[in-house]
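# Descriptive analysis of the structure
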Amino acid sequence: ILGDMAELGDYSEAAHSNIDVEGIDQLYLIGTRMQALAKQHHRARWFATTDDAVAVLANVSFTSSDTVLIKASRSMALEKVVRVLTQPEVVDAI
């Protein structure tokens, strides 16, 4: 689960579109800057906002053998994603 990286200036577009995501089974991208990466990877799910992603991720099933990486600039507020994925009913299902 990757979100926009802020404060990259002139390097922003290249930094977002050149992230190596090979070997990732499920790819969730959040934010307008991540849209470029999403267009390059047909299996990616792209969300314009963190709230949009939370609404969908609340219903995604992860297993106890899954590793979930959540990374973005602080301004993306991805703690909302962490909160929904660590709700007792979600954790108990894993």
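Quick look at the structure, then. Small disclaimer: the values here were computed from a predicted structure and weren't measured.

Criteria and cut-off values
Residues numbered from 1 in each chain as written. Predicted model: local features only at pLDDT ≥ 70, side-chain atom pairs only at ≥ 80, totals over all residues. Heavy atoms only, no water. Helix = DSSP H or I, 4+ residues; strand = E, 2+ residues; numbered from the N terminus. Rg over C-alpha atoms; globule rule 2.2 N^0.38 Å. Contact = heavy atoms within 4.5 Å. Areas by Shrake-Rupley, 256 points an atom, 1.4 Å probe, with all protein chains shown as cover. Lys, Arg positive; Asp, Glu negative; His and termini not counted. Charge placed at Lys NZ, Arg CZ, Asp CG, Glu CD. Pairing = 2+ DSSP bridges. Axes fitted to C-alpha atoms, helices over the stretch in contact; angles between N-to-C directions. Buried < 20%, exposed > 50% of the residue type's maximum accessible area, 1.4 Å probe, protein only. Salt bridge = Lys/Arg side-chain N within 4 Å of Asp/Glu carboxyl O.

## Here we look at the overall build of the protein chain
From N to C terminus, the protein chain includes five helices and three strands. Scaling as 2.2 N^0.38, a compact globule of 94 residues should have a C-alpha radius of gyration of about 12 Å, and the protein chain matches this with 13 Å. Across its three principal axes, the protein chain shows a C-alpha extent of roughly 45 × 25 × 15 Å. The long-range fraction of contacts in the protein chain, counting pairs at least 24 apart against all pairs at least 6 apart in sequence, stands at 48%. With the model as given, the accessible surface of the protein chain reaches about 6100 Å², and the carbon-plus-sulfur share is 50%. Here the protein chain holds 8 positive side-chain charges and 13 negative ones, and the gap between their average locations is 4 Å.

## Thoughts on the sheet that holds strand S1 (residues 2–3)
The three strands are arranged S1-S2-S3 in an open sheet whose pairing can be described as parallel. Looking at strand neighbours, the two that pair on one side only are S1 and strand S3 (45–47), the edges of this open sheet. In terms of strand pairing, strand S2 (residues 28–30) meets S3 through three bridges, oriented parallel. Paired with Leu29 across the bridge in S3 is Trp46. Those strands touched by helix H3 (residues 50–57) are S2 and S3, and its axis lies near 135° from that of S3.

## Some thoughts on the environment of Val21
Tracing the backbone shows Val21 in the loop between helix H1 (12–17) and S2. Relative accessible area serves as the criterion here: at 1%, Val21 is assigned to the buried category. Put simply, Val21 and Lys71 are 50 residues apart on the chain and 13 Å apart in space, counted from C-alpha to C-alpha. With near-sequence residues (within four places) excluded, Val21 lies in contact with Leu2, Leu27, Leu37, His41 and Arg43.

## Section: the pattern of salt bridges
It is possible for side chains bearing opposite charge to pair when their charged atoms get close. Tallied over the entire structure, the rule returns two salt bridges. Linking Lys80 and Asp51 is a salt bridge whose minimum nitrogen-to-oxygen distance equals 3.1 Å. Pair noted here: Lys80 is in helix H4 (residues 79–85) and Asp51 is in helix H3, with a separation of 29 residues, a long-range link. Of the residues examined, Lys80 reaches a relative accessible area of 32% and is grouped as partly exposed. Residue classification places Asp51 among the partly exposed residues on the basis of a relative accessible area of 47%. Notably, a salt bridge pairs Glu79 with Arg74, separated by 3.1 Å at the nearest N-O pair.

## Digging into unusual backbone geometry
Peptide bonds are, in most cases, trans, and in most cases residues other than glycine have a negative phi. With a phi close to 55°, Ala77 is a non-glycine residue in the positive phi region. By secondary structure assignment, the location of Ala77 is in the loop between H3 and H4. Ala77 gets classed as buried once you look at its relative accessible area, which sits at 16%.

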